[in-house]
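Single-letter residue listing:
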Amino acid sequence: MSFGQGGPQSQWDPWTPQSQQPQSQQSQQPWNSGNGDDTPDWAALAEASEARAKRRRLFLIGGGALATVAIAGAVAVAVVSAGGSDQTSDGPSSQLPSTADIPSATATEPSFAPTSAPPPLDPKDFVSSVKKDKAPLSPDLLFPGTQLTMGETVYKKGPTADTRTCGSAAQATLPKVLDANKCTRLLRVTYTKGDTAVTVGVAVFDSEAQATKAKKDADKRSIVRSLSGGGVTSFCTGAVCRSTTNSYGRYAYFTVAGFTNGKDVTEKSTGVFRAGDDLAEFAFRQIRRRGEAQASAAAEG
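Okay, so let's go over this structure. (Residues numbered from 1 in each chain as written. Predicted model: local features only at pLDDT ≥ 70, side-chain atom pairs only at ≥ 80, totals over all residues. Heavy atoms only, no water.)

## Let's talk about the side chain of Arg250
Worth spelling out the cut-off: Per the convention used, a helix needs a DSSP run of H or I reaching at least four residues, while a strand needs a run of E reaching at least two, with both numbered from the N terminus. With a 1.4 Å probe rolled over the protein chains alone, any residue whose accessible area is under 20% of its type maximum counts as buried; one over 50% counts as exposed, and the rest are partly exposed. Think of a polar contact as two N or O atoms within 3.5 Å of one another; within protein, one of them needs to be a possible hydrogen donor and the other a possible acceptor, and neighboring residues in sequence only count if both atoms come from side chains. Working rule for contacts: check all heavy atoms of both residues, and any pair within 4.5 Å makes them a contact.
Mapping Arg250 onto the fold places it in the loop between strand E7 (242–248) and strand E8 (251–259). Residue Arg250 is classed as buried on the basis of its relative accessible area, which comes to 6%. Side-chain polar atoms of Arg250 contact the side chain of Asp133, separated by 3.0 Å. Ignoring sequence-local partners within four residues, the contact set of Arg250 consists of Val127, Ser128, Ser129, Val130, Asp133, Ala203, Val204, Phe205, Asp206, Ser207, Glu208 and Ala211.

Below is the structure:
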């Protein structure tokens, strides 16, 4: 008897009873025809089974390796996808992110427009125009107290006056100068030390330009009228006296200094010169302080 010949081919699997072997794996397995019985060739069947088992193990090993490669590839893709701009790519440049899409190391840093402190207010601006010079003004506010100390010298404060018709408080060529430049007020105060007396006159204008021009127009004969009274005898009415002229902001200030005993002032009258200079300096300081006070108030407001 022989097997594998004639009739339909069967699908056979030695591990499954009554199964048929796939056609690609079919072969004519020889039987032990030497003894002439129907006993299968068990040795041949064992060899065939061992070959199939070996192929199956190789398949499983190969499939596991492929699965490992696939997992590693997926992890690599995930790392590349999550790596941000620090990852490099071998793909074409068209697939790379644009510059705008790449995070910048300074993108989260705040930026501030350059700033600078505002310039300090100029005190002179507040005493250079009637529009800004709004603080109260009077002889006693500009020249407060009952005496004045300049260095080691003390001057006693005498009478004060506030004249709206500036020319009436001046003499010689000064009335014309004040009127021509539209003086609005002339504030006066007298200080004394011994037999020396000084009258300070502060002429008020609407603008710095007017005060500056009044200073320029004044000459040696432009003299403020001395102010006496309140214990101060008349002075500088006929005798030679020393006068000064200056300006700051919208104010022009003048001094006239002499002796209360009627003597003329000469180049040797150093006390009179010093008194006139001290009072001119004090007038300047008070006008400047007026500007400083208004500038400070504006800055705080």
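Having seen the model, we can carry on.
## Considerations on the pairing of strand E4 (residues 185–193)
Applicable threshold: Strands are labelled as partners when DSSP assigns at least two bridges between them.
Among the nine residues in E4, eight count as buried, and that is most of the element. Looking at chain direction, strand E2 (residues 153–163) and E4 are connected through six bridges and run antiparallel. Directly across from Asp162, in E4, lies its bridge partner Leu187. As paired elements, E4 and strand E5 (residues 196–204) share nine bridges and run antiparallel to each other. Note that in E5 the partner of Arg188 across the bridge is Gly201. Where E4 hands over to E5, the hairpin turn is made up of two residues, of which Gly194 adopts a positive phi near 65 degrees.

## A short note on the pattern of salt bridges
Pairing is possible between side chains that carry opposite charge, provided their charged atoms lie close to one another. Condition: Here, a salt bridge means any Lys or Arg side-chain nitrogen found within 4 Å of an Asp or Glu carboxyl oxygen.
In total, this model carries nine salt bridges according to the counting rule given. The salt bridge involving Arg250 is made with Asp133; its shortest N-O contact spans 3.0 Å. A residue pair is termed long-range when its members are at least 10 positions apart, and Arg250 in the loop between E7 and E8 and Asp133 in the loop between helix H1 (42–82) and helix H2 (139–142) qualify at 117 residues. Each member of the pair Arg250 and Asp133 is classed as buried. In this structure, Lys157 and Asp140 form a salt bridge, with 3.0 Å as the shortest nitrogen-oxygen distance. With Lys157 in strand E2 and Asp140 in helix H2, this residue pair connects regions lying 17 residues apart in the sequence. For Lys157, a relative accessible area of 15% gives the class buried. Asp140 gets classed as partly exposed once you look at its relative accessible area, which sits at 46%.

Such coordinate-based values are descriptive only and should not be taken to indicate function.
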